Amino acid sequence: MEKNRETLPSVNASAAGLSDAAVRVAALRKEIEHHTYQYYALDDPQISDAAFDSLMGELRELEAAHPELVDPTSPTQRVGGYVGEAFAPVRHASRMYSLDNAMDFGELEAWMARIEEALGFVPPLCCELKIDGSSIALTYEGGVLLRAATRGDGTTGEDVTANMRTVKDVPLHLREGALAAVRDPEGALELRGEVYMPKSSFEALNRQAEANGKPLFANPRNAAAGSLRQKNAEVTSERDLATFVYATADDAALDVAGQWELLQWLRSAGFHTNPDVALCERPEEAFAFCERSLERREQLPYEIDGVVVKVNSFAAQRELGFTARAPRWAIAFKFPPEEKTTILRDITVQVGRTGALTPVAELEPVVVAGSTVARATLHNVDEVHRKDVRVGDTVVVRKAGDVIPEVLGPVLSLRPEDALPWEMPKACPSCGSPVVHEDGEVAYRCISIDCPAQSLERLLHWTSRSALDIEGMGNEIVGRLVETGRLVDVADYYDLTEPELAALATNRVNGEGEFLPLGHVIAAKLVAAIDGSRTKGLDRVIFGLGIRHVGKNVAEVLARAFGSIDALMAATAEEMEAVDGVGPKIAQSLEAFFATPDNVEVLGRLRAAGVAMESAEPAGEALPQTLAGLTFVLTGSLVESGMTRDEAAGRLKALGAKVSGSVSKKTSYVVAGQDAGSKLDKALGLGVPVLDEAQLLALLDAEGDVAVLG
Ligand code: AMP
């Protein structure tokens, strides 16, 4: 119920000089802002959601009828438009640092000892939950939200203002009373926090993605980061993001003396601040906060990956200062990766496109690090035996890097008495052909040409993003086309017609239990995507063919070296091995592929269908070895280019560079992608220059123009 609020002026109550509508609009905005503040910042709603929606509805109607009253800071202006192709770069007012980690209590204690050494005592510490989202910087000018930016490389982020405006707990302007503590109320004020996706919203989003056959997000953090970087802010507005704000870019900009006080001020200014904070006078209290938070982790409605312990006083923070990477006055006490136990219901066998058989753990579904895990690869028979996991076991699961589900091992004391060691089946689960195990290979294989599981995987490989990138041609549609006998090999894609695709039955059923057809809209998109794949380039064709040992990188190298599929087919093993990055195994595999008449026939049909089999670049020209003599180390993930580290390494090597796995004084450059780890620390420690992904790309695109390194 609403408490102590003045009644709203009605449309008829006019104020001097202002139209009735203007008065009502102003009153509605104020009222809505008040309730937004109660709801998000104070977590104390005073009116029902329906009443709130009704106020918003009225404001929207009035603004629509009086376009002259529309104001960018109105609460109705949260639904954004199209952002455009690229997010503009934004330089942060001061560097957005990362945090040093304490992996256990010993390391936390060591950090406190360093503080004590520097200051002579351990001052009060402010402990906060470490929210597992994406960092965000919000700049206000004259109290009005001007800009929102991602952390980026710490110095320069991306402008995501349109997207952040749609996040409902971000104030579009600061509450008036709070401006008194801002030293320059008219100037710019940059505040920082974390944007995250609540666990329940993440689950709903993934359920919806699954129903629509779209790829799933690995965890709430990725979902938040992905939602934030949408080109269409309307998509962001539907994603239910939220924020916790906890920092300022410049503590001198505010009349507050420390972190605790800052949090109170942020709350009074209208920000959503996390209620789980503790101002700890003594170190033991900080340890207790960490322990308590770890215990409560699962009950929280959002993901956390640790506790951030900060020296509370800004004066003491200034005295302690920063290292190259992180503040000395704060540390992230990291929680261990979440582990759960569940039942191993079965071990099934998946048939890959090269016929390799992979055992897969079928688990009783369990939520780990934010998402439900029901399957995990067990890689190969040796791994199953090494881990000694058996059907019926209670097993421990976690997500490697918070993304890939992994079975760690069994809880032996809970093993059922009749549980038997697992063996690879003797026959392929898809086609029943005998399974073979070649000497010296870990993998068991089905070598039948007619194995339907293999052909499905091969057909899907052709359409995958790194190959011919035929968007929409996924498991369901390809599976159905294989079932109906319409798709046998990759050349068959090119005579699919729109009417036959439109009529294809899907897995969706109508009220009468009939399977619904795919329909013309999707069919037309598929035909356009197939058409577009004709000119994707020779390297993608070579990769898409799914020849054993020929990955993306090798395919690129081959395309560049031979220039056409004909030249590659005509090459001897010796000529192939003369290409950098191609060894005897790859050459043998290529020869065997081209010696198979069926494969040559498919290539002929692809050519007849207009699929480009020549490389646009002149053949045979080796790249200039401009990076010869330089040693690179890659760390973190390369998010902008979507390259794997191996691919990046391949391209560096093609320019003559060496790529090493560890950092030493001899390392020329460390390339740090997102979430770069200890290698980056080591590089900074040794004074090895660090490149970000943009610099790496510039370097590769310039094909070794070393000037960009300067
Ligand atoms: P890391 O990325 O692991 O180096 O951790 C640093 C990041 O933790 C910061 O950039 C913030 O985005 C994030 N973070 C989450 N919660 C907090 C918090 N309460 N205080 C400071 N940083 C936080």
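Residues numbered from 1 in each chain as written. Predicted model: local features only at pLDDT ≥ 70, side-chain atom pairs only at ≥ 80, totals over all residues. Heavy atoms only, no water.

**Here we look at the pattern of salt bridges**
The full count for this structure, using the stated rule, is 35 salt bridges. With a shortest N-O distance of 3.4 Å, Glu-285 and Arg-282 are connected by a salt bridge. Using a relative accessible area of 27% as the deciding quantity, one classes Glu-285 as partly exposed. The class of Arg-282 is partly exposed, set by a relative accessible area of 46%. The partner of Glu-364 in a salt bridge is Arg-345, with the nearest N and O atoms 2.9 Å apart. One end of the pair, Glu-364, is in strand 13 (residues 356–368); the other, Arg-345, is in strand 12 (residues 339–351), and 19 residues separate them in sequence. (Salt bridge = Lys/Arg side-chain N within 4 Å of Asp/Glu carboxyl O. Buried < 20%, exposed > 50% of the residue type's maximum accessible area, 1.4 Å probe, protein only. Helix = DSSP H or I, 4+ residues; strand = E, 2+ residues; numbered from the N terminus.)

**Concerning the sheet that holds strand 4 (residues 134–141)**
The pairing of strands in a sheet happens through backbone hydrogen bonds and is either parallel or antiparallel. The 4 strands lie next to each other as 5-4-7-8, forming an open sheet whose pairing is antiparallel. A strand with exactly one partner marks an edge of an open sheet, and here the two such strands are strand 5 (144–150) and strand 8 (242–248). Neighbouring strand axes in the sheet, compared pairwise and without regard to direction, differ in orientation by 30° on average. The sheet contact formed by strand 4 and strand 7 (residues 188–196) spans 8 bridges and is antiparallel. (Pairing = 2+ DSSP bridges. Axes fitted to C-alpha atoms, helices over the stretch in contact; angles between N-to-C directions.)

**Section: helix 21 (residues 597–608)**
End to end, helix 21 covers 17 Å across 12 residues, agreeing with the expected 16 Å (1.5 Å per residue, within 8%). Tucked into the core, helix 21 has its buried residues touching helix 12 (452–463), helix 18 (565–570) and helix 20 (584–594). Once helix 21 ends, the next one or two residues include Gly-610, with phi positive near 90°. (Expected span 1.5 Å × (residues − 1). Contact = heavy atoms within 4.5 Å.)

**Focus: the site of the ligand**
If you check the shell around the ligand, you find 14 residues, and the closest are Ser-98, Glu-128, Arg-151, Glu-194 and Lys-310. Here an oxygen atom of the ligand and a side-chain polar atom of Ser-98 are 2.5 Å apart. Contact distances for the ligand include 2.6 Å between an oxygen atom and a side-chain N or O atom of Arg-151. Elements represented by at least two residues in the shell around the ligand include exactly strand 3 (125–131) and strand 10 (304–311). Its residues assigned to classes, the shell around the ligand comprises 6 nonpolar, 2 polar and 6 charged. (Near = heavy atom within 4 Å. Polar contact = N/O pair within 3.5 Å; in protein donor to acceptor, adjacent residues only side chain to side chain. Nonpolar A, V, L, I, M, F, W, Y, C, P; charged D, E, K, R; others polar.)

**A word on the environment of Val-90**
Tracing the chain through its elements places Val-90 in strand 1 (residues 89–91). Once the C-alpha coordinates of Val-90 and Pro-198 are considered, the two residues, 108 residues apart in sequence, prove to be 27 Å apart.

**What about helix 12?**
Its 12 residues place the ends of helix 12 17 Å apart at the C-alpha level, agreeing with the 16 Å of an ideal helix rising 1.5 Å per residue. Here helix 12 lies mainly inside the structure; 9 of its 12 residues are buried. Buried within helix 12 we find Ala-453, Gln-454, Ser-455, Leu-456, Leu-459, Leu-460, His-461, Trp-462 and Thr-463. Where the residues of helix 12 are buried, they touch strand 12, strand 18 (444–446), helix 13 (475–483), helix 16 (538–544) and helix 21.

**With respect to the sheet that holds strand 3**
Spatially, the 5 strands line up as an open sheet ordered 2-11-10-3-9, and their pairing is mixed. The open sheet has two free edges, formed respectively by strand 2 (101–102) and strand 9 (277–280), since each of these has just one partner strand. Relative to strand 11 (residues 330–334), strand 10 runs antiparallel, the two being bridged by 5 bridges. Each residue of the ladder has a partner; that of Gly-306, found in strand 11, is Lys-334.

**Points about the nonpolar core**
One finds Trp-462, Met-473, Tyr-493 and Leu-606 to be the most contacted residues of the largest nonpolar core, which totals 53 residues. Counting 37 residues, the second-largest nonpolar core is a separate cluster that includes Leu-174, Leu-189, Leu-262 and Ala-269. (Core = buried A, V, L, I, M, F, W, Y, C linked by side-chain atoms within 4.5 Å.)

**Observations concerning the domain arrangement of the chain**
Where interface size is quoted, it is often the accessible area lost as the parts come together. As far as domains go, the chain holds domain 1 (5–77), domain 2 (101–334), domain 3 (339–445), domain 4 (449–533), domain 5 (538–608) and domain 6 (631–709). A separation of 51 Å is found between the C-alpha centroids of domain 1 and domain 4. (Domains from an automatic or database assignment.)

**Regarding a negative patch on the surface**
On the surface, a cluster of negative charge is made up of Glu-574, Glu-575, Glu-577 and Glu-591. On the basis of relative accessible area, Glu-577 is assigned to the partly exposed category, the value being 36%. (Patch = residues over 30% accessible without salt bridge, like charges linked within 9 Å, V, L, I, M, F, W, Y side chains within 5 Å. Areas by Shrake-Rupley, 256 points an atom, 1.4 Å probe, with all protein chains shown as cover. Lys, Arg positive; Asp, Glu negative; His and termini not counted. Charge placed at Lys NZ, Arg CZ, Asp CG, Glu CD.)

**Thoughts on the packing of aromatic side chains**
What describes a pair of aromatic rings is the distance from one ring centre to the other and the angle between the planes of the rings. Using the criterion set out here, one finds 11 aromatic pairs in the structure. Aromatic pair Phe-105 and Phe-333: ring centres 4.9 Å apart, planes at 10°, arrangement stacked. Of the two residues, Phe-105 sits in helix 3 (residues 105–119) while Phe-333 sits in strand 11, which places them 228 residues apart along the sequence. Take Phe-105: its relative accessible area is 28%, and that puts it in the partly exposed class. Cluster of aromatic residues (ring-pair linked, three or more members): Phe-105, Phe-287, Phe-333 and Phe-335. (Phe/Tyr/Trp six-rings, centres within 6.5 Å; stacked < 30°, edge-to-face > 60°.)

**Focus on the pairing of strand 15 (residues 394–400)**
Of all the 7 residues making up strand 15, 5 are buried; the element is thus mostly covered by neighbouring parts of the structure. The pairing of strand 12 with strand 15 spans 5 bridges and is antiparallel. Considered in strand 15, the bridge of Thr-341 is made with Val-396. Relative to strand 16 (residues 404–410), strand 15 is paired through 6 bridges, and the arrangement is antiparallel.

**Examining the state of the cysteines**
As enumerated under the stated definition, the model contains 0 disulfides in all. Unpaired in this structure, Cys-446 has its nearest cysteine sulfur neighbour in Cys-431, at a distance of 3.6 Å. Classification of Cys-446 by relative accessible area gives buried; the value is 1%. The structure places no disulfide on Cys-451, whose sulfur is separated from the nearest cysteine sulfur, that of Cys-428, by 3.8 Å. (Disulfide = S-S within 2.5 Å.)

**Some points on unusual backbone geometry**
Even without being glycine, Asp-388 reaches a positive phi, approximately 50°. You can see Asp-388 is positioned in the loop between helix 11 (381–387) and strand 15. A positive phi angle is found at Asp-469, which is not glycine, with a value near 55°. Positionally, Asp-469 belongs in the loop between helix 12 and helix 13.

**Quick word on the side chain of Thr-150**
Looking at the element boundaries, Thr-150 is found in strand 5. Residue Thr-150 is classed as buried on the basis of its relative accessible area, which comes to 9%. At 2.9 Å, the side chain of Thr-150 forms a polar contact with the backbone nitrogen of Glu-158. Non-local contacts of Thr-150, meaning those with residues more than four positions away in its chain, are made with His-92, Met-96, Ser-135, Ile-136, Gly-157, Glu-158, Val-160 and Leu-228.

**Digging into the packing of helix 3 against helix 9 (residues 283–296)**
Packing of helix 3 against helix 9 leaves a shortest axis separation of 12 Å and a crossing angle of 150°. Put simply, helix 3 runs roughly antiparallel to helix 9. In this structure, helix 3 meets helix 9 at a crossing whose hand is right-handed. Between helix 3, through Phe-105, Leu-108, Glu-109 and Met-112, and helix 9, the contact on the second element is made entirely by Pro-283, Ala-286, Phe-287, Cys-290 and Glu-291. Grouping the amino acids of the contact of helix 3 with helix 9 by side-chain chemistry returns 7 nonpolar, no polar and 2 charged. (Parallel < 35°, antiparallel > 145°, perpendicular 65-115°, else oblique. Left-handed = near helix turned anticlockwise from the far one by under 90°.)

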